[in-house]
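# A look at the structure
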Amino acid sequence: LTMENDMRHGLEEGDFHVAYQPIMQLGGSDIIGFEALARWKHPDRGNIPPAEFIPMAEESGLISQIGKWILFESLRTLAQWQKQTPDAKGLFMSVNLSSKQFARIDLDSMILNALTEQGLSPDSLKLEITESAIMENPESAIRILNRLRAKGIRFSIDDFGTGYSSLSQLQQLPVDTLKVDRSFISRMKTDPENMEIVKAVIALAHSLDLSVIAEGVEKPDQLHSLMQLKCECVQGFYFHEPMSSENALELVLRRT
Ligand code: G
Ligand code: G
Ligand code: MN
Ligand code: NA
């Protein structure tokens, strides 16, 4: 309960912020978008990682408020970049959605309001939903995804490979991108089976007309393998760690 109060308080006091991690297109190594990642600086305990506070927020129900704040804040940031440079025009913001938010009845209006408020078009937003969240209730997920897709919102399946979607379910999901979970990328070189899994996921994505983002790329040999496997997008510490909006804007300005 203390942590719940602290979170509530932290939201009001500005102890939360968003870090932005570039998503790169291979080949040109160009930035095509950013993933928005929640950060919480607790006044006494310092930085608390999202792996800790997101589950707490989900249990307490505060995730709706926090998730809404992250969506509005990251879209506000993207709109601000776009006002400062035409280079930011084609970028998308990729925002994580918790399964608890995904199931909410007011999801559509919240998302469309956030876009309208910042004067952004739907294609400047991408929503990340984990494979396991979708599989909690695949039929309902397909309905929600179709509804938002019709409004122009695109989706990525996050942590792909760690859940249990069947091929027929995957085929029915109106998503645009698979994000290969970083556990597969990190073991790609040491464990040949992992290399085969990554290869299979990329082939699967392409056969379903989806794009692929490899997460957690840290080493040049991983990048090399991914290029050979024709993976089109990457994200990871090898390129950039999550950063402040100021540093992200600088990066966007520097890329041309
Ligand atoms: O940033 P970091 O690697 O510490 O994130 C750890 C986990 O927390 C990841 O699984 C990430 O998806 C999740 N996470 C980070 N920010 C958000 C957010 O804004 N909303 C939700 N639902 N999850 C987030
Ligand atoms: O589960 P999700 O994909 O949303 O998790 C994203 C998290 O992964 C971010 O919080 C980010 O800090 C972390 N991350 C991004 N790139 C790397 C990387 O190259 N290595 C590791 N270990 N973590 C990464
Ligand atoms: Mn993610
Ligand atoms: Na992931």
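Residues numbered from 1 in each chain as written. Chains lettered and ligands numbered in written order. Predicted model: local features only at pLDDT ≥ 70, side-chain atom pairs only at ≥ 80, totals over all residues. Heavy atoms only, no water.

### Focus on the overall build of the chain
Helix and strand counts for the chain come out as 12 helices and 9 strands. The C-alpha atoms of the chain give 18 Å as radius of gyration, which agrees with the globular expectation for 256 residues (18 Å, within 12%). Expressed as lengths along the three principal axes of its C-alpha atoms, the size of the chain is roughly 45 × 45 × 35 Å. When the 256 residues of the chain are sorted by exposure, 51% land in the buried category. Within the chain, contacts between residues at least 6 apart in sequence are counted, and of these 67% link residues at least 24 apart. (Helix = DSSP H or I, 4+ residues; strand = E, 2+ residues; numbered from the N terminus. Rg over C-alpha atoms; globule rule 2.2 N^0.38 Å. Buried < 20%, exposed > 50% of the residue type's maximum accessible area, 1.4 Å probe, protein only. Contact = heavy atoms within 4.5 Å.)

### Section: the site of ligand 1
Around ligand 1 sit Leu37, Ala38, Arg39, Pro50, Ile54, Ile70, Asn96 and Ser98, and that is every residue in its neighbourhood. In the environment of ligand 1, a nitrogen atom lies 3.1 Å from a nitrogen or oxygen atom belonging to the backbone of alanine 38. A distance of 3.5 Å separates an oxygen atom of ligand 1 from a polar atom in the side chain of asparagine 96. The protein chains hide 74% of the 500 Å² of surface that ligand 1 would expose on its own. (Near = heavy atom within 4 Å. Polar contact = N/O pair within 3.5 Å; in protein donor to acceptor, adjacent residues only side chain to side chain. Areas by Shrake-Rupley, 256 points an atom, 1.4 Å probe, with all protein chains shown as cover.)

### Overview of the site of ligand 2
In the neighbourhood of ligand 2, 15 residues make up the surrounding shell, with Gln21, Arg182, Glu215, Glu218 and Phe237 lying closest. A distance of 3.1 Å is found between a nitrogen atom of ligand 2 and a side-chain nitrogen or oxygen belonging to glutamine 21. One of the backbone nitrogen or oxygen atoms of phenylalanine 237 is found 2.8 Å away from an oxygen atom of ligand 2. Within the complex, 78% of the 520 Å² of free accessible area of ligand 2 lies under protein. Because more than half of its atoms lie within 2 Å of the grid, ligand 2 is assigned to the largest pocket. Going through the elements one at a time, strand S2 (30–42) and strand S6 (154–160) are the ones with two or more residues in the shell around ligand 2. With 3 residues, S2 is the single largest residue contributor to the shell around ligand 2. A class-by-class count of the residues in the shell around ligand 2 yields 4 nonpolar, 4 polar and 7 charged. (1 Å grid on protein atoms, 1.4 Å probe; cavity = no way out; pocket = protein on both sides within 12 Å on 5 of 7 lines; lining within 4 Å. Sits in = over half its atoms within 2 Å of the grid points. Nonpolar A, V, L, I, M, F, W, Y, C, P; charged D, E, K, R; others polar.)

### Here we look at the pattern of salt bridges
One pass over the structure, following the stated rule, counts 9 salt bridges. Note that arginine 149 is salt-bridged to aspartate 176, the shortest N-O span being 3.1 Å. Placement of arginine 149 in helix H7 (residues 138–150) and of aspartate 176 in the loop between helix H8 (167–172) and strand S7 (177–180) is noted, with a sequence separation of 27 residues between them. We classify arginine 149 as partly exposed; its relative accessible area is 34%. Beyond isolated ion pairs, a larger network of salt bridges with shared partners links Glu35, Glu128, Lys179 and Glu215. (Salt bridge = Lys/Arg side-chain N within 4 Å of Asp/Glu carboxyl O.)

### Describing the coordination of the sodium ion (ligand 4)
Distances from the sodium ion (ligand 4) to its protein donors, namely Asp158 (OD), Asp159 (OD), Glu215 (OE) and Glu215 (OE), fall within the range 1.9 to 3.1 Å. With 6 donor atoms in place around the sodium ion (ligand 4) and angles of 47 to 149° between them, the coordination shape is irregular. Coordination of the sodium ion (ligand 4) draws on donor residues from a single chain, spaced D-D-x55-E in sequence. (Donors = N, O, S within 2.8 Å, 3.2 Å for Na, K, Ca; no water. Tetrahedral: all angles 85-135°; square planar, octahedral: opposite > 155°, others 65-115°.)

### Let's talk about the packing of aromatic side chains
Under the defined criterion, the tally for this structure stands at 6 aromatic pairs. Residues phenylalanine 16 and tryptophan 40 carry aromatic rings whose centres are separated by 5.2 Å and whose planes lie at 5° to one another, so their mutual orientation is stacked. One end of the pair, phenylalanine 16, is in strand S1 (residues 16–25); the other, tryptophan 40, is in strand S2, and 24 residues separate them in sequence. In terms of burial, phenylalanine 16 and tryptophan 40 fall into one category: buried. Between tryptophan 40 and phenylalanine 53, the ring centres sit 5.8 Å apart and the planes meet at 90°, which makes this aromatic pair edge-to-face. You can see tryptophan 40 sitting in strand S2 and its partner phenylalanine 53 sitting in helix H2 (residues 50–60), a full 13 residues away along the chain. Judged by relative accessible area, tryptophan 40 falls into the buried class, the value being 1%. Counting every residue linked through ring pairs, the aromatic cluster contains Phe16, Trp40 and Phe53. Stacked on the ring of phenylalanine 92, the Lys or Arg lysine 126 has its end atom at 4.9 Å from the ring centre. (Phe/Tyr/Trp six-rings, centres within 6.5 Å; stacked < 30°, edge-to-face > 60°. Lys NZ or Arg CZ within 6 Å of the ring centre and 35° of its normal.)

### Things to note about the state of the cysteines
Taken as a whole and judged by the stated rule, the model has 0 disulfides. Note on cysteine 231: no disulfide assigned, nearest cysteine sulfur contributed by cysteine 233 at a separation of 7.0 Å. (Disulfide = S-S within 2.5 Å.)

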